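Next come the chains, spelled out residue by residue.
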Amino acid sequence: MRAKQTKGDYIIRGILYLTAAIFALPALYVIFSSFQTSEGFGVLQYQILLHDYPSYIVALHNSFFYAAVITVGGLVLSVPVAYLFAKVTFKGRDSLFFIYIVIMMLPAQSTILGQYLLMQSLKWIDTPRALYLPLMLSPLTVFLLRQNLKLISAELIDATRLETNSFFVLLLRIVLPQIKGTIAAAAVLLFCESWNIIEPAMILLPRNEEIKPLSVMMGRYPEELQAACASIYLAPIGVILLLLGFLGMGKRKKKGILI
């Protein structure tokens, strides 16, 4: 039975919606500006950008490629690691997880030098894998999944182990259905983070312009086309947020991310 909404609940919800609208105003302004021309409103900026600057399409494709690979690869790697920290008992587990938390709190600038030296020793500088492979290892994703995995009862896992010894069967039939909400939230965070790659791309891809993401190439285009550039750049994140909003309105979950 659904709980009755109180007056305080409506006030809190209204404040949250108002805050979200305020944060969305800069993006809406950019989109509105992209349709402004000297003669009024139109799509002239987009026509010039997409017709005269084919490198923009290449950079946009690169951004999609990096974001998709990092998101999928990050989830594939993070789920087993999170299960290890949540359900497998071994010596030094808590200490190792503490190191993960410390790494999560470090700014990216403090680790980029080590990444560069490693990629240089592997001769991967100016290759796509120099960018997406390190970013697949996401401590934040492991942390979120581990917190949710702790909610799965040990009795359920033990009962499944009586039927099969396969870890992959356990993962697919029991674990993943229990944490699919957290996986979706982690996927959004990973996608948004990898979509906005700047410093790693500038350092690990210093010379090869053809494989750089759009986040680095944005400043290469004329100033009068910057609004159109930014609007297309913001579109995927906007679509994802709207999709999550509609899904959240259509189907509410009692369980969320436990932190």
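In what follows, the structure referred to is the one given above.
The present account deals with the structure reproduced in this document.

Each value, and the rule that gives it
Residues numbered from 1 in each chain as written. Predicted model: local features only at pLDDT ≥ 70, side-chain atom pairs only at ≥ 80, totals over all residues. Heavy atoms only, no water. Helix = DSSP H or I, 4+ residues; strand = E, 2+ residues; numbered from the N terminus. Buried < 20%, exposed > 50% of the residue type's maximum accessible area, 1.4 Å probe, protein only. Contact = heavy atoms within 4.5 Å. Areas by Shrake-Rupley, 256 points an atom, 1.4 Å probe, with all protein chains shown as cover. Salt bridge = Lys/Arg side-chain N within 4 Å of Asp/Glu carboxyl O. Core = buried A, V, L, I, M, F, W, Y, C linked by side-chain atoms within 4.5 Å. Phe/Tyr/Trp six-rings, centres within 6.5 Å; stacked < 30°, edge-to-face > 60°. Lys NZ or Arg CZ within 6 Å of the ring centre and 35° of its normal. Expected span 1.5 Å × (residues − 1). Axes fitted to C-alpha atoms, helices over the stretch in contact; angles between N-to-C directions. Parallel < 35°, antiparallel > 145°, perpendicular 65-115°, else oblique. Left-handed = near helix turned anticlockwise from the far one by under 90°. Nonpolar A, V, L, I, M, F, W, Y, C, P; charged D, E, K, R; others polar. Patch = residues over 30% accessible without salt bridge, like charges linked within 9 Å, V, L, I, M, F, W, Y side chains within 5 Å.

## Description of the overall build of the protein chain
In step 1: Broken down by element type, the protein chain carries 13 helices and two strands.
In step 2: Here the protein chain, with 259 residues, has 35% of them falling under the buried criterion.
In step 3: Partitioning the contacts of the protein chain with sequence separation of at least 6, the portion at a separation of at least 24 is 75%.
In step 4: Accessible surface for the protein chain amounts to roughly 16,500 Å². Of this, 69% is attributable to carbon and sulfur atoms.

## Points about the pattern of salt bridges
In step 1: Inspection of every chain in the model, using the stated rule, returns five salt bridges.
In step 2: The salt bridge partner of Asp-94 is Arg-93, with a shortest N-O separation of 3.6 Å.
In step 3: Given a relative accessible area of 52%, Asp-94 falls into the exposed group.
In step 4: Of the charged contacts in the structure, one is a salt bridge between Glu-209 and Arg-220, with a shortest N-O distance of 2.8 Å. Linking Glu-209 in the loop between helix H11 (199-204) and helix H12 (214-217) with Arg-220 in the loop between H12 and helix H13 (226-250), this pair joins segments that are 11 residues apart in sequence.
In step 5: Through salt bridges with shared partners, one network takes in Glu-209, Lys-212 and Arg-220.

## Some words on the nonpolar core
Within soluble globular proteins, side chains that are nonpolar generally end up buried alongside one another.
In step 1: In this structure, Tyr-66, Leu-131, Leu-149, Val-175, Ile-179 and Leu-204 are the most contacted members of the largest nonpolar core, which totals 39 residues.
In step 2: Sorting the residues of this core by element identifies helix H3 (54-87), helix H4 (93-105), helix H5 (112-121), helix H6 (128-136), helix H7 (139-149), helix H9 (167-178), helix H10 (180-195) and H11 as the ones contributing at least two each.
In step 3: With eight residues, the single largest contributor to this core is H3.
In step 4: Tyr-46, Trp-195, Ala-228 and Tyr-233 belong to the second-largest nonpolar core, a separate cluster that totals 18 residues.

## Observations concerning the packing of aromatic side chains
In step 1: As enumerated under the stated definition, the model contains 10 aromatic pairs in all.
In step 2: Look at Tyr-56 and Tyr-221: their rings are 5.5 Å apart centre to centre, the planes differ by 70 degrees, and that puts the pair in the edge-to-face class. Residue Tyr-56 is located in helix H3, and its partner Tyr-221 is located in the loop between H12 and H13; the two are separated by 165 residues in the primary sequence.
In step 3: Here the basic side chain of Arg-146 rests over the ring of Phe-97, its NZ or CZ set 4.0 Å away from the ring centre.

## As for H10
In step 1: Here H10 spans 22 Å end to end across 16 residues, near enough to the 22 Å set by a 1.5 Å rise per residue.
In step 2: Within H10, burial applies to Thr-182, Ile-183, Ala-186, Ala-187, Val-188, Leu-190, Phe-191, Cys-192, Ser-194 and Trp-195.

## Quick word on the packing of H3 against H4
Each packed pair of helices is defined by two parameters, the angle between the axes and the distance between the axes.
In step 1: Running from N to C, H3 and H4 point in directions that differ by 135 degrees, and their axes come no closer than 9 Å. On the basis of the axis angle, H3 is oblique to H4. Relative to H4, H3 is oriented so that their crossing is left-handed. Listed contacts from H4 to Val-81, Leu-84, Phe-85, Ala-86 and Lys-87 of H3 are Arg-93, Leu-96, Phe-97 and Tyr-100.
In step 2: When the residues that make up the contact of H3 with H4 are grouped by side-chain class, the tally is seven nonpolar, no polar and two charged.

## With respect to a nonpolar patch on the surface
In step 1: A cluster of nonpolar side chains, namely Leu-18, Ile-22, Leu-25, Leu-28, Ile-31, Phe-32, Phe-35, Phe-41 and Val-43, defines an oily patch on the protein surface of about 870 Å² accessible area.
In step 2: At six residues, helix H1 (residues 7-34) tops the list of elements feeding residues into the nonpolar patch.
In step 3: Note that Leu-18 resides in helix H1.
In step 4: The class of Leu-18 is exposed, set by a relative accessible area of 54%.

Shape is all these values report; function is a separate question.
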